[in-house]
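Residue-level structure breakdown
Next come the chains, spelled out residue by residue.
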Amino acid sequence: MSPVRRLDTIDARILLALDEDPRATVLGLSRRLQLARGTVQAHLERLETDGVLHRFSRRLAPAALGFSVSAFVMIEIQQGRQEETLAQLRETPEVLEVHGITGDGDLMCRVVARDAEDLYRVGQCLLAIPGVVRTRTSLAMRELVPYRIDPLLSDLAD
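**Looking at the side chain of serine 70**
Within the secondary structure, serine 70 is located in strand β1 (residues 69-77). Among the residues examined, serine 70 registers a relative accessible area of 17% and is labelled buried. Ignoring anything within four residues of it in the chain, the contact list for serine 70 reads Arg110, Val111, Val112, Leu139 and Ala140.

**Thoughts on the nonpolar core**
Ranked by internal contacts, the top residues of the largest apolar core, which has 17 residues, are Ile75, Leu89, Val111 and Leu126. Those elements that place two or more of their residues in this core are β1, α4 (82-90), β3 (107-113) and α5 (116-127). Per element, the largest residue contribution to this core is five residues, and it comes from β1. Leaving out residues up to four positions away in the same chain, isoleucine 75 has contacts with Leu89, Gly105, Asp106, Leu107, Cys109, Val132, Arg134 and Thr135. Formed by 16 residues, the second largest nonpolar core is a distinct cluster that contains Ile14, Leu44, Val52 and Leu153.

**Re unusual backbone geometry**
Its identity as a non-glycine residue notwithstanding, glutamine 34 has a phi of 55°, on the positive side. Along the chain, glutamine 34 turns up in the loop between α2 (26-33) and α3 (37-49).

**Some points on the packing of helix α1 (residues 9-20) against helix α6 (residues 150-157)**
Taken N-terminus to C-terminus, the directions of α1 and α6 make an angle of 135°; their axes are 8 Å apart at the nearest point. The pairing of α1 with α6 is recorded here as oblique in orientation. Pair α1 / α6 crosses with left-handed handedness. Residues Thr9, Ala12, Arg13, Leu15, Leu16 and Asp19 of α1 form the contact with α6, whose own contacting residues are Asp150, Leu153, Ser154, Leu156 and Ala157. Class assignment of the residues belonging to the contact of α1 with α6 gives a composition of six nonpolar, two polar and three charged.

Criteria and cut-off values
Residues numbered from 1 in each chain as written. Predicted model: local features only at pLDDT ≥ 70, side-chain atom pairs only at ≥ 80, totals over all residues. Heavy atoms only, no water. Helix = DSSP H or I, 4+ residues; strand = E, 2+ residues; numbered from the N terminus. Buried < 20%, exposed > 50% of the residue type's maximum accessible area, 1.4 Å probe, protein only. Contact = heavy atoms within 4.5 Å. Core = buried A, V, L, I, M, F, W, Y, C linked by side-chain atoms within 4.5 Å. Axes fitted to C-alpha atoms, helices over the stretch in contact; angles between N-to-C directions. Parallel < 35°, antiparallel > 145°, perpendicular 65-115°, else oblique. Left-handed = near helix turned anticlockwise from the far one by under 90°. Nonpolar A, V, L, I, M, F, W, Y, C, P; charged D, E, K, R; others polar.

Taken by themselves, the reported measurements are silent on function.
Rendered as structure tokens:
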């Protein structure tokens with residue numbers, strides 16, 4: 001994980017306001033939060049520069065693109081082939097994210113597919129990647145707690 005700058009109270013307040021209204025302008029944020037326009041602008045620029053804010057596409061639901069099946073794939077890789085394997089995983093559109101993990105596997109991937117047959121195809125593509133020894137796939141039946149960070153931001157903002 002790359003180091004990320006710690007957020008302060010003002011950052012948290014700005015991010016919570018943007019979470020509620022992603023199209024808010026700098027002027028609108030400054031009025032709503034009762035902060036100087038320059039302060040809001042400086043904080044937003046620093047958040048972008050420091051890599052705190054992610055791309056807008058992370059907010060899109062894969063189902064809206066026709067990918068209604070979601071799964072987690074544990075991948076075991078041959079030692080010394082991680083970079084080669086990761087390069088191929090990055091080239092696989094259905095792989096949404098990959099994490100290096102401890103435990104039984106080496107990598108944990110979140111993948112999407114159009115249906116069960118497509119998930120089988122995606123699994124076969126992953127198995128064909130050089131360096132992949134074994135995969136174990138768990139189908140996500142339902143998202144019970146969606147990705148969220150606002151409770152942490154709220155604590156910091158208070």
